[in-house]
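Per-entry structural report
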Amino acid sequence: MNFSQKLRSARLDNQMNQAELARASRLTRGVISKWESGESKNPSAVHVLRVAKALAVSPQWLLNDAVTERRA
């Protein structure tokens, strides 16, 4: 899975919609939407850390296709 797929999967596993994830990570729903759609592919490190924390997954898992362990 790539970043977009992992982000969506983790969000759904946490039973969150995009707006809820945006609030939890202090980002906008538009940013989350663009990441999930693959429209924006270069998230900043700070934003990835916020999203990973909100989803209780490791940033390495989100960003690296080869990493299979989700835990933060």
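Criteria and thresholds
Residues numbered from 1 in each chain as written. Predicted model: local features only at pLDDT ≥ 70, side-chain atom pairs only at ≥ 80, totals over all residues. Heavy atoms only, no water. Helix = DSSP H or I, 4+ residues; strand = E, 2+ residues; numbered from the N terminus. Contact = heavy atoms within 4.5 Å. Buried < 20%, exposed > 50% of the residue type's maximum accessible area, 1.4 Å probe, protein only. Polar contact = N/O pair within 3.5 Å; in protein donor to acceptor, adjacent residues only side chain to side chain. pLDDT = per-residue confidence, 0-100. Phe/Tyr/Trp six-rings, centres within 6.5 Å; stacked < 30°, edge-to-face > 60°. Salt bridge = Lys/Arg side-chain N within 4 Å of Asp/Glu carboxyl O.

**Some remarks on the environment of A24**
Inspection of the secondary structure puts A24 in helix 2 (residues 18–25). Sequence separation between A24 and K53 is 29 residues; the distance between their C-alpha atoms is 8.9 Å. When near neighbours in sequence (up to four residues on either side) are disregarded, A24 contacts M16 and A54.

**Details of helix 1 (residues 3–13)**
Restricting attention to buried positions, one finds in helix 1 the residues F3, S4, K6, L7, S9, A10 and R11. On the buried face of helix 1, the contacting elements are helix 2, helix 3 (29–37), helix 4 (45–55) and helix 5 (59–63). The opening residue of helix 1, the one whose side-chain oxygen lies 3.1 Å from the backbone nitrogen of S4, is N2.

**Some remarks on the confidence of the model for the chain**
Per-residue confidence for the chain gives a mean pLDDT of 93; residues scoring 70 or more make up 96%. The element-level mean pLDDT for the chain is lowest in helix 5, coming to 94, with helix 2 highest at 98.

**Thoughts on the packing of aromatic side chains**
Applying the stated rule across the entire model yields one aromatic pair. Ring centres of F3 and W35 lie 5.6 Å apart, and the angle between their planes is 70°; on these two criteria the pair is classed as edge-to-face. Here F3, found in helix 1, pairs with W35, found in helix 3; they are 32 residues apart in sequence, far enough to count as distant.

**Observations concerning the pattern of salt bridges**
Taken as a whole and assessed by the stated rule, the structure comprises one salt bridge. One salt bridge connects R11 with E36, and the closest N-O pair in it is separated by 2.5 Å. Taken together, the residues span a long stretch of sequence, with R11 in helix 1 and E36 in helix 3 at a distance of 25 residues. Both residues of the pair, R11 and E36, count as buried.

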